[in-house]
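Now for the letters of each chain:
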Amino acid sequence: LRQILASLVTGYTMSLQRVERALRQHGLDAIPTGGERFDPERMEVVEVVTESGRPSGEVIEEVRRGYLWNGRVFRYAQVRVAKS
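The sections below set out a description of the structure shown in this document.

Rules behind the numbers
Residues numbered from 1 in each chain as written. Predicted model: local features only at pLDDT ≥ 70, side-chain atom pairs only at ≥ 80, totals over all residues. Heavy atoms only, no water. Helix = DSSP H or I, 4+ residues; strand = E, 2+ residues; numbered from the N terminus. Rg over C-alpha atoms; globule rule 2.2 N^0.38 Å. Buried < 20%, exposed > 50% of the residue type's maximum accessible area, 1.4 Å probe, protein only. Areas by Shrake-Rupley, 256 points an atom, 1.4 Å probe, with all protein chains shown as cover. Lys, Arg positive; Asp, Glu negative; His and termini not counted. Charge placed at Lys NZ, Arg CZ, Asp CG, Glu CD. Pairing = 2+ DSSP bridges. Axes fitted to C-alpha atoms, helices over the stretch in contact; angles between N-to-C directions. Patch = residues over 30% accessible without salt bridge, like charges linked within 9 Å, V, L, I, M, F, W, Y side chains within 5 Å. Salt bridge = Lys/Arg side-chain N within 4 Å of Asp/Glu carboxyl O.

Turning next to the overall build of the protein chain. Within the protein chain one finds one helix and six strands. Tracing the protein chain from N to C terminus, the helices and strands come up as α-β-β-β-β-β-β. Taking 84 residues into account, the globule formula puts the C-alpha radius of gyration at 12 Å, and the protein chain, at 16 Å, lies well above it. Counting the 84 residues in the protein chain, one finds 19% classified as buried. As displayed, the protein chain offers around 6600 Å² of accessible surface, 52% of which is attributable to carbon and sulfur atoms. Of the side chains in the protein chain, 13 bear a positive and 11 a negative charge, and the two mean positions are spaced by 7 Å.

Here we come to the sheet that holds strand β5 (residues 72-75). Taken in spatial order, the three strands of this open sheet run β1-β4-β5, and their pairing is antiparallel. Two strands bound the open sheet, and with one partner strand each, they are β1 (28-30) and β5. Within this sheet the neighbouring strands show an average axis-to-axis angle of 40 degrees, counted without direction.

Turning our attention to a nonpolar patch on the surface. Together, L1, I4, L5 and L8 make up an exposed nonpolar region whose accessible area comes to about 480 Å². Along the chain, L8 falls in helix α1 (residues 2-25).

The subject of this paragraph is the pattern of salt bridges. As enumerated under the stated definition, the model contains six salt bridges in all. Linking E61 and R80 is a salt bridge whose minimum nitrogen-to-oxygen distance equals 3.0 Å. Taken together, the residues E61 in strand β3 (residues 59-64) and R80 in strand β6 (residues 77-83) connect sequence positions 19 residues apart. Take E61: its relative accessible area is 39%, and that puts it in the partly exposed class. Since its relative accessible area comes to 24%, R80 is described here as partly exposed. Because the salt bridges share partners, they merge into one network encompassing E20, E62 and R65.

Written out as structure tokens, the structure is:
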């Protein structure tokens, strides 16, 4: 059972990599968010987290991935942001 689950996870991961590679070939790039400073031009805050131990304005977690299409925002990234 463990081997079957590991095989499924590997196949799923490979499929996601293939889809992301195809998107990049057509000019669609993911917006980097993890550990970055909040950028209102590319990101949308869905939650503000206080007392996280991180600097104010730092992205804690990506809720939904955002994309740039040929350098312009195609979909805003939805993120959780720290606040001191």
